[in-house]
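Letter by letter, the chains look like this.
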Amino acid sequence: MNYNFDNFITDSKELFDKLTVKANGAVNVSKAYIEKAQLRVKLRDKYYDLGKLCYDMHQTGADETGNMKILIKEIKMLEAQLEYAEEASGKPKVCKLCGAKNSSENSYCAKCGERL
């Protein structure tokens, strides 16, 4: 069987299609990683706001219980969103050495460097 130009074109198209699928998968993983990172930042900021509110309440004696409840609700919502985003992006890998949860894409632990 001779390998001609038509075969080359067909094989090239198939290869291009496979590469496109892989690239789209990588983009989706990157988007999920960015979304999770943004949720973690928002969550950290809400915890900071809650701590500051508690400290201010202690210092001034003002009753900020209503604002604290609002912040706690926001924190719970962000935690639920983060948990959903982590589950949607694949089951996390747990490091056998240190117990840290890692992204399903990781080959090495982000905390201690152990091979997963």
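Further up the page is the structure itself.
Below or above, wherever it landed, is the structure these notes cover. These numbers were taken from a predicted model, which means no experiment stands behind them.

**A look at the nonpolar core**
Here is step 1: Grouped together as the largest cluster of nonpolar side chains are 10 residues: L39, L43, L50, L53, M68, L71, I75, L78, L82 and A85.
Here is step 2: Every element with two or more residues in this core is listed here: α1 (5-60) and α2 (65-88).
Here is step 3: Of all the elements, α2 adds the most residues to this core, at 6 residues.
Here is step 4: Contact partners of L53, with chain neighbours within four places excluded, come to E64, N67, M68 and L71.

**What about the pattern of salt bridges?**
Pairing is possible between side chains of opposite charge, provided their charged atoms come close.
Here is step 1: Counted by the stated rule, this structure contains 4 salt bridges.
Here is step 2: A salt bridge links R40 to E86; its shortest N-O distance comes to 3.0 Å. With R40 in helix α1 and E86 in helix α2, this residue pair connects regions lying 46 residues apart in the sequence.
Here is step 3: The class of R40 is partly exposed, set by a relative accessible area of 39%.
Here is step 4: The exposure class of E86 is partly exposed, given its relative accessible area of 30%.
Here is step 5: K46 serves as the salt-bridge partner of E74, at 2.8 Å between the closest nitrogen and oxygen. Note that E74 is positioned in helix α2 and K46 in helix α1, a separation of 28 residues in sequence.
Here is step 6: Judged by its relative accessible area of 26%, E74 is partly exposed.
Here is step 7: With relative accessibility at 24%, the residue K46 sits in the partly exposed group.

Definitions and cut-offs
Residues numbered from 1 in each chain as written. Predicted model: local features only at pLDDT ≥ 70, side-chain atom pairs only at ≥ 80, totals over all residues. Heavy atoms only, no water. Core = buried A, V, L, I, M, F, W, Y, C linked by side-chain atoms within 4.5 Å. Buried < 20%, exposed > 50% of the residue type's maximum accessible area, 1.4 Å probe, protein only. Helix = DSSP H or I, 4+ residues; strand = E, 2+ residues; numbered from the N terminus. Contact = heavy atoms within 4.5 Å. Salt bridge = Lys/Arg side-chain N within 4 Å of Asp/Glu carboxyl O.

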